[in-house]
Amino acid sequence: MKTLIVSLSALVLVLALAQTLQAQEKMTKDEWQAQMTAATKQVADLTAQMAKLDSDRVALMAQSTKLDADVRACEDALYALLGVTREEAEAFEKELGDLEKRVDELQKMSDQELVGHRDELERIQTRLKELANHKMAKIPRMADRIRVLEDKVAALLASITKEKTYTVGTWARDRDCLWNIAKKKDIYNNAWLWPKIWQGNRDKIRDPDVIKPKWVLKIPEGKELSREEKTAANRYYRKKAAEPATGQ
Amino acid sequence: MQAFRKVLITAVCAATIALIAGCSNSPSDEEMRKLTDLQAQVKQLEDQVATKQRENATLEKQNAEKNGKLQQCQSDQDAVKKAMGGQ
């Protein structure tokens, strides 16, 4: 009798334990239902999101096609205005880009290495002058790129010829004009020699009253003006004297 | 004693039936399969949404670049016209 009671109690206990363990492992029907509902809602939300993304994609593709057409039309109009073909324009931009890359490489070289590239630098300088006269250089952005390259090449050439240079600062900060630059102790220490800088930088300076910040100016050697520099200076003084008074 | 034995066996049977009945509160295998399939579908959709979001972001970036190119071209055109004296 006692054995029977113990056996039955053990059976009930084992069953109860098994039930508890099973309940821990398996979800209840309510939990299943909750997860089904959540997952169904997620599927619906994600499907809606997919549909929205698909429609966005269609709109973006249409916008892309329109932009391609607009860019092409704008470029065609610009090239027509300049009188160049698309092929010429693309070749110009490619050449300019290649030159920019090359000059960047040359800038990373030491002065000693650069000496071996003097001919190349001079060729680049000549080519840049030609490019500056190209029809595409009428686009200010292109003209600026050429000018920046010309300055870089001039600076590189100056660094290997050991020619003295001066980088123009701003009027507000440095009071830089040809007169004041020539007056500097480490330049000529003589303001009257300003025409030397003008004549030595005719490629940049068209009007000696106008110099721009960041220009790298060559400082030619010498302690007095040459005949040409004197003539240029006299021409300038005469022109200034002939100008009408500004009413000050 | 015989009566007690009967009561005890009845009680154990009742408890066993109750416990077995309690087990049937869990979802069936078929129901569990449905849930697993649905969860797999969610995962698949999430992956697809992420891919489409990336693709659309790339397209948006490309369009922004094209738009910048267009504006630059228009600005170049204006500058050239101005330089040519408004022809």
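These remarks concern the structure in this document. (Residues numbered from 1 in each chain as written. Chains lettered and ligands numbered in written order. Predicted model: local features only at pLDDT ≥ 70, side-chain atom pairs only at ≥ 80, totals over all residues. Heavy atoms only, no water.)

### With respect to the packing of helix H2 (residues 29-82) of chain A against helix H2 (residues 29-83) of chain B
So, step 1. The geometry of H2(A) relative to H2(B) is characterised by a closest axis approach of 6 Å and an angle of 20° between their N-to-C directions. It follows that H2(A) is roughly parallel to H2(B) by the angle criterion. Handedness of the crossing formed by H2(A) with H2(B): left-handed.
So, step 2. Its residues assigned to classes, the contact of H2(A) with H2(B) comprises 26 nonpolar, 16 polar and 17 charged. (Axes fitted to C-alpha atoms, helices over the stretch in contact; angles between N-to-C directions. Helix = DSSP H or I, 4+ residues; strand = E, 2+ residues; numbered from the N terminus. Parallel < 35°, antiparallel > 145°, perpendicular 65-115°, else oblique. Left-handed = near helix turned anticlockwise from the far one by under 90°. Nonpolar A, V, L, I, M, F, W, Y, C, P; charged D, E, K, R; others polar.)

### A short note on the side chain of Asn201(A)
So, step 1. Within the fold, Asn201(A) resides in the loop between helix H9 (194-200) and strand S2 (216-218).
So, step 2. Beyond its immediate sequence surroundings of up to four residues, Asn201(A) is in contact with Val216(A), Leu217(A) and Lys218(A). (Contact = heavy atoms within 4.5 Å.)

### Side note on the state of the cysteines
So, step 1. One pass over the structure, following the stated rule, counts one disulfide over all chains.
So, step 2. A sulfur-sulfur distance of 2.2 Å marks the disulfide that ties Cys74(A) to Cys73(B). Because the torsion about its S-S bond is -105°, the bridge between Cys74(A) and Cys73(B) counts as left-handed. Here Cys74(A), found in helix H2, pairs with Cys73(B), found in helix H2, and the two come from separate chains. (Disulfide = S-S within 2.5 Å.)

### A short note on the pattern of salt bridges
All names here are of chain A.
So, step 1. Evaluation of the coordinates by the stated rule reveals 29 salt bridges over all chains.
So, step 2. Across the salt bridge formed by Asp70 and Lys66, the nearest N and O atoms sit 2.8 Å from each other. Taken together, the residues Asp70 and Lys66, both in helix H2 and four residues apart, mark about one turn of the helix.
So, step 3. Relative accessible area serves as the criterion here: at 53%, Lys66 is assigned to the exposed category.
So, step 4. A salt bridge links Asp144 to Arg147, with the nearest nitrogen and oxygen atoms 3.0 Å apart. Within this pair, Asp144 and its partner Arg147 are both found in helix H6 (residues 140-161), separated by three residues, close to a single helical turn. (Salt bridge = Lys/Arg side-chain N within 4 Å of Asp/Glu carboxyl O. Buried < 20%, exposed > 50% of the residue type's maximum accessible area, 1.4 Å probe, protein only.)

### Describing the packing of aromatic side chains
Residue and element names in this part refer to chain A.
So, step 1. Under the criterion given, the structure shown has six aromatic pairs over all chains.
So, step 2. Ring centres of Trp194 and Trp198 lie 5.9 Å apart, and the angle between their planes is 15°; on these two criteria the pair is classed as stacked. Residue Trp194 and its partner Trp198 are located together in helix H9, separated by four residues, close to a single helical turn. You'll find Trp194 and Trp198 in the same group, each marked buried. (Phe/Tyr/Trp six-rings, centres within 6.5 Å; stacked < 30°, edge-to-face > 60°.)

### Considerations on the nonpolar core
So, step 1. One finds Leu121(A), Leu128(A) and Met136(A) to be the most contacted residues of the largest nonpolar core, which totals 31 residues.
So, step 2. Mapped by element, the contributors of at least two residues to this core are H2, helix H3 (86-107), helix H5 (118-132) and H6 of chain A together with H2 of chain B.
So, step 3. The element best represented in this core is H6(A), accounting for seven residues.
So, step 4. Ignoring any residue separated from it by four or fewer positions in sequence, one finds Met136(A) in contact with Tyr79(A), Leu82(A), Val84(A), Ala89(A), Phe92(A), Glu93(A) and Met142(A).
So, step 5. Leu193(A), Trp194(A), Ile219(A) and Tyr236(A) belong to the second-largest nonpolar core, a separate cluster that totals 19 residues. (Core = buried A, V, L, I, M, F, W, Y, C linked by side-chain atoms within 4.5 Å.)

### Regarding the layout of surface pockets
Residue and element names in this part refer to chain A.
So, step 1. Computed from the structure, the largest pocket encloses a volume of approximately 770 Å³.
So, step 2. Contributing to the lining of the largest pocket are 23 residues, with Arg147, Glu150, Asp203, Lys204 and Arg206 lying nearest its centre.
So, step 3. Among the elements that make up the lining of the largest pocket, the one with the highest residue count is H6 (eight residues).
So, step 4. Approximately 170 Å³ is the volume attributed to the second largest pocket.
So, step 5. If you go around the second largest pocket, the residues you meet are Trp198, Arg206, Asp207, Pro208, Asp209, Ala232, Arg235, Tyr236, Lys239, Lys240 and Glu243. (1 Å grid on protein atoms, 1.4 Å probe; cavity = no way out; pocket = protein on both sides within 12 Å on 5 of 7 lines; lining within 4 Å. Points joined across faces, edges and corners; volume = space filled by probe spheres on them.)

### A word on the environment of Gly222(A)
Residues and elements named next belong to chain A.
So, step 1. Looking at the secondary structure, you find Gly222 in the loop between S2 and helix H10 (227-242).
So, step 2. For the pair Gly222 and Tyr188, spaced 34 residues apart in sequence, the C-alpha to C-alpha distance is 8.4 Å.
So, step 3. Sequence-distant contacts of Gly222, that is, excluding residues within four places in its chain, are made with Tyr188, Leu193 and Lys196.

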